[in-house]
Structure formats: C-alpha cells, structure tokens
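A structural walkthrough
These are the residues of each chain, in order.
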Amino acid sequence: MSLKIRGLELGGSLPKICVPITGKNRLEILELAKKIKDENVEIIEWRSDYYEDILDCDKVISLLKELRVILDNTVIIFTLRTMDEGGNINIDNKYYERLNLRVAESSLVDIIDIECLRKDQSFKLLIEGIKHRKVKVIGSSHNYDFTPSIETIEENLMKINSFGVDILKIATMSNSEEDSLNMLLANKNISDKLSNKAIISICMGSYGMSTRLLASAISFAHIGEKSAPGQLSVLDLRKILK
C-alpha cells in the first residue's frame, strides 16, 4: 500500500530514507537538522528522548517550531522512545500521553511514533486523539534482545494494527541469518493480509541488513551517531538502493 505524506509516497518498491536526530541540547539538535537537510533526506525522525529538556512541553514545542523552519517541507516523525523499548528516558505514562498530544496539536510534525505493545498501558485513546488532529501514527514495538518466531512477529504486527495506526513498525535484534529470514517471511505474510498498510519490519544488528532493504517502507540511516545497531550511513544506503 502507498501512503502519501507531503507528497512523499511510502510503501513503494523501495524504502524511503529516514535519518534520526539524537542531539542532546537545542544547538546540537538544530545543527544536526541543518546537516541532514543539506543531504536532501526524505524523512527526519526527532528522537526527542535524547533531548535534555524533554520534560518541558513548552521547550519541546518551541524547538519543533525551529526544526520545522529548518526542515521546511521534509516529513518529520516525532518519537519519544522510552527505556523499556530501547530509548533514552524513563517517563510516566501521563506525561507520555500529554506530550504526544501537545505535539499533535501543534501541527508541526507529520507522524508520531507510539509504542503500542507496552505491557503497562494501552494507548488506543492517545492514538485516536493524534489521528483526530490529522497527524499520522506509527504503531511500534522494539525488542533489543532477540527476534521471536515468525508466528509471534505476525501476531505482534496484527496487535499493532488493531490500534488503528497508519504505519506498523516492529524492530527486533537479529542474532542469526535465520532471524532476518523470519522477519522477511513475517513481513510478506502480513503485507499480503494488510495490503492497505505501510509496514516497517527491521532486524537490528549485523545480520539484519536485508530487512532494512526488503521489508520496510522506511529504512533508518545515520549521519553521525547511530540510533540503533546495524544502521547504515545515508551514503551507503543510497548506494545500495540505486
């Protein structure tokens, strides 16, 4: 399925390249945004969990305004990744909900990543609130330890889909070539069932490169610091995708 955001089509034959911003302070984040913008990257993800003032909603929105000016019409994903899912911060659910809704209300981003399979919380109402504000939602799940069976991957993707999200994302650690093959097969099976949804299914680590190229509507690459194991540089990923 193809999903269009700011004229960018997700879900075509090749993944779109997304570069995360993982700066810790305002100046570092803005400088990274300028560097990434100069590379003409299609999507930028702000990993806000690295930001030193993430617990101040007003500062987050203010910085987003500056990012939007720099990035102009580039698609922006807002991600507040919690430590339970491999992120950089422990945060309570109420603030997680409040900040993501504030970001949606600002209309400064195009997509918000929401962790759908957290054991302690269901964010279905949050996702509905974000979509009501005309912002797309990535429903995500991350496992930095291992890749489960094909059946479990498929089950988790279907659970994510049940939240009514626009894009499904699952990322697991690959410890063997078989893990990556299982991810590719699960992606194929779910893509056949959910032909109306864009899917990102990634195996992290050195064995996972094939999934970044063949099983994802979006492939994450880095300029500078990696935000996940196995990420390629923008330059290397572009060479491979040509």
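Refer to the structure presented above.
Treat the numbers as computed from the prediction; the structure is a model and nothing was measured.

Considerations on the packing of aromatic side chains
- If you walk through the whole model with that rule in mind, you get three aromatic pairs.
- Taking the centre distance of 5.8 Å and the plane angle of 75° together, the rings of Trp-46 and Phe-78 count as edge-to-face. Residue Trp-46 is found in strand β4 (residues 43-47), and its partner Phe-78 is found in strand β5 (residues 75-79); the two are separated by 32 residues along the sequence.
- Taking relative accessible area as the criterion, Trp-46 reaches 1% and is therefore assigned buried.
- Taking the centre distance of 4.8 Å and the plane angle of 35° together, the rings of Tyr-96 and Phe-123 count as tilted. Here the residue Tyr-96 occupies a position in helix α3 (residues 93-106), and Phe-123 occupies one in the loop between β6 (111-115) and α4 (124-132), the gap between them amounting to 27 residues. Just as Tyr-96 is buried, Phe-123 falls in that class too.
- Put simply, the rings of Trp-46, Tyr-51 and Phe-78 pair up and form one aromatic cluster.
- The lysine or arginine in question, Arg-118, covers the ring of Tyr-96, its NZ or CZ lying 5.3 Å from the ring centre.

Conventions used here
- Residues numbered from 1 in each chain as written.
- Predicted model: local features only at pLDDT ≥ 70, side-chain atom pairs only at ≥ 80, totals over all residues.
- Heavy atoms only, no water.
- Phe/Tyr/Trp six-rings, centres within 6.5 Å; stacked < 30°, edge-to-face > 60°.
- Helix = DSSP H or I, 4+ residues; strand = E, 2+ residues; numbered from the N terminus.
- Buried < 20%, exposed > 50% of the residue type's maximum accessible area, 1.4 Å probe, protein only.
- Lys NZ or Arg CZ within 6 Å of the ring centre and 35° of its normal.

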